[in-house]
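Reading the structure
These are the residues of each chain, in order.
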Amino acid sequence: MIKAVAIDDEPLALQILEALCARIEYIKLLKTFTSQAEAQRYLNKFEVDLLFLDIQMPRQNGIDLYKSLKQETKVIFTTAYSEYAVEGFNVSASDYILKPIAFDRFEEAVAKVKRTLDLEQQNTSANTHLTIRADYKLYNIPLDEIVFIEAMDDYVKINRVDKSTVVARSTMKGILKKLPETLFTRIHKSFIVNTAKVEAVQAGSIEIAGREFPIGTTYKDQVNKNF
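Residues numbered from 1 in each chain as written. Predicted model: local features only at pLDDT ≥ 70, side-chain atom pairs only at ≥ 80, totals over all residues. Heavy atoms only, no water.

1. Some remarks on the environment of L65
As a reminder of what qualifies: In this text, helices come from DSSP runs of H or I with a minimum length of four residues, and strands from runs of E with a minimum of two, each type numbered from the N-terminal end. Working definition: with a 1.4 Å probe on protein chains only, accessible area under 20% of the residue-type maximum means buried, over 50% means exposed, and in between means partly exposed.
Within the element layout of this structure, L65 appears in helix α3 (residues 62-68). The exposure class assigned to L65 is buried, which follows from its relative accessible area of 1%. In the structure, L65 is positioned 64 residues away from H129 in sequence and 30 Å away in space, judged by C-alpha atoms.

2. What to know about the pattern of salt bridges
To be explicit about the condition: Put simply, a salt bridge is a Lys or Arg side-chain nitrogen that is within 4 Å of an Asp or Glu carboxyl oxygen.
Tallied over the entire structure, the rule returns 11 salt bridges. Between E47 and K177 there is a salt bridge, with its nearest N and O atoms 2.9 Å apart. Taken together, the residues span a long stretch of sequence, with E47 in the loop between α2 (36-45) and β3 (50-54) and K177 in the loop between α6 (172-176) and β11 (184-188) at a distance of 130 residues. In this structure E47 comes out as exposed when scored by relative accessible area, which is 53%.

3. Looking at the pairing of strand β2 (residues 27-33)
Put simply, the test is: The pairing criterion for strands is at least two bridges between them, as found by DSSP. Handedness rule for crossovers: strands pointing away from the viewer, path from the first strand over the helix to the second running clockwise, crossover right-handed.
When strand β1 (residues 2-7) meets β2, the two strands line up parallel, connected through 6 bridges. When the bridges of β2 are listed, I7 appears paired with F33. Regarding topology, helix α1 (residues 11-22) serves as the crossover connection from β1 to the parallel β2, and that connection is right-handed.

4. Some words on α2
Applied cut-off: Comment: arc refers to directions from the helix axis out to C-beta atoms. Residue contacts are defined here by distance: any two heavy atoms, one from each residue, within 4.5 Å place the two residues in contact.
Burial in α2 covers these residues: Q36, A39, Q40, Y42 and L43. An end-on view of α2 places all buried positions within 165° of arc, on one side of the element. Residues of α2 that are exposed and point over 90 degrees away from its buried face: R41 and K45. Where the residues of α2 are buried, they touch β1, β2, β3 and α3.

Spelled out as structure tokens, the structure:
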């Protein structure tokens, strides 16, 4: 079951979303909000799988609101303005629906989220791949191809053995939850490393592929435990 929340400054738009969700058996709309502040308080307290989020709102642009959230969740932007499409996908939105919303288009967008969540759950259970959305694509990266992951403000950079990178919107905490703790260790506020790729461990650093990574004070105990 997909747990969802809808945010829109227009009550009628929220009523329409409630009716649309009621027609799909695998989605549960937990809450609706016209107040962005109330929505943020709720989302900081409870985890949800999906946001339906209007873009053009009076207090704060919906894209900026999404960027400010602490938790990592899928988002489908809903708006009457097509010019926001590119900006919406730049924050790795699952989809972007224009108002008035047709049920077929809504069902298609929700089904896409379900496929992504199912794949993420499958890969987490099998401990073989990391599934993440970036660059308008859904990446399915084998875990043994990941060397280290680096924090970049609201994004993370996934560095692979072939030197290629994938930059995705996520917190370090959020992406760490998708990775098996037996294979990946956070050694610093800015770095998560693949333990199988570590070549040497020193008092204050770890070496991978000839590069040294600092061990943060907060993470020393975890590093000592894993190495």
